Amino acid sequence: MLVEEEYWNRFLETGKVTDYLYYKGMALCREVMERHEKERIASLESDGAYRNGADSGACGRI
């Protein structure tokens, strides 16, 4: 079970606004982390950090 689901289930049990806000905070945090990871990967790809194969040498020369 995801942590988000735990917070959602807690909110369903208690009905407390604070439990709902914790749930929404977890969902927002996940979205921000996913966006950051996508941006990090895109940055590495544009910098050539993900070059693989026979044509990539130690200095990036063929």
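Just so you know, these numbers come straight off a predicted model, no measurement behind them.

A. Expanded view of the packing of aromatic side chains. What the rule picks out here adds up to five aromatic pairs. When the centroid spacing of 4.9 Å and the interplanar angle of 55 degrees are considered together, the rings of W8 and Y23 count as tilted. In this pair, W8 is assigned in helix α1 (residues 3–14) and Y23 in helix α2 (residues 17–47), connecting sequence segments 15 residues apart. Through successive ring pairs, a cluster of aromatic residues spans W8, F11, Y20 and Y23.

B. Structural detail: α2. Over its 31 residues, α2 runs 45 Å from end to end, which matches the ideal 45 Å to within 8%, given 1.5 Å per residue. Residues of α2 that are buried in the fold lie against α1.

C. Quick peek at the packing of α1 against α2. Between α1 and α2, the shortest axis-to-axis distance is 8 Å and the interhelical angle comes to 160 degrees. Taken together, the axis directions place α1 and α2 in an arrangement best described as roughly antiparallel. The hand of the α1/α2 crossing is left-handed. Residues V3, E4, Y7, W8, R10, F11 and T14 of α1 pack against D19, Y20, Y22, Y23, M26, A27 and R30 of α2. Split into classes, the residues belonging to the contact of α1 with α2 amount to nine nonpolar, one polar and four charged.

D. Here's a closer look at a nonpolar patch on the surface. Together, W8, L12, V17, Y20 and L21 line one region of the surface with nonpolar side chains, adding up to about 490 Å² of accessible area. Contributing elements (two or more residues each) for the nonpolar patch: α1 and α2. Classification of Y20 by relative accessible area gives partly exposed; the value is 33%.

E. Broad picture of α1. Between the first and last C-alpha of α1 there are 17 Å, a value that for 12 residues agrees with the 16 Å anticipated at 1.5 Å per step. Positioned one or two residues after α1, G15 has a phi angle of 70 degrees, which is positive.

F. Quick look at the side chain of D19. Position of D19 relative to the elements: it lies in helix α2. One buried charge, D19, has no salt-bridge partner; the nearest side chain with opposite charge is R10, at 4.6 Å. Discounting chain neighbours no more than four positions away, the residues touching D19 are Y7, R10, F11 and T14.

Cut-offs applied
Residues numbered from 1 in each chain as written. Predicted model: local features only at pLDDT ≥ 70, side-chain atom pairs only at ≥ 80, totals over all residues. Heavy atoms only, no water. Phe/Tyr/Trp six-rings, centres within 6.5 Å; stacked < 30°, edge-to-face > 60°. Helix = DSSP H or I, 4+ residues; strand = E, 2+ residues; numbered from the N terminus. Expected span 1.5 Å × (residues − 1). Contact = heavy atoms within 4.5 Å. Axes fitted to C-alpha atoms, helices over the stretch in contact; angles between N-to-C directions. Parallel < 35°, antiparallel > 145°, perpendicular 65-115°, else oblique. Left-handed = near helix turned anticlockwise from the far one by under 90°. Nonpolar A, V, L, I, M, F, W, Y, C, P; charged D, E, K, R; others polar. Patch = residues over 30% accessible without salt bridge, like charges linked within 9 Å, V, L, I, M, F, W, Y side chains within 5 Å. Areas by Shrake-Rupley, 256 points an atom, 1.4 Å probe, with all protein chains shown as cover. Salt bridge = Lys/Arg side-chain N within 4 Å of Asp/Glu carboxyl O. Buried < 20%, exposed > 50% of the residue type's maximum accessible area, 1.4 Å probe, protein only. Lys, Arg positive; Asp, Glu negative; His and termini not counted.

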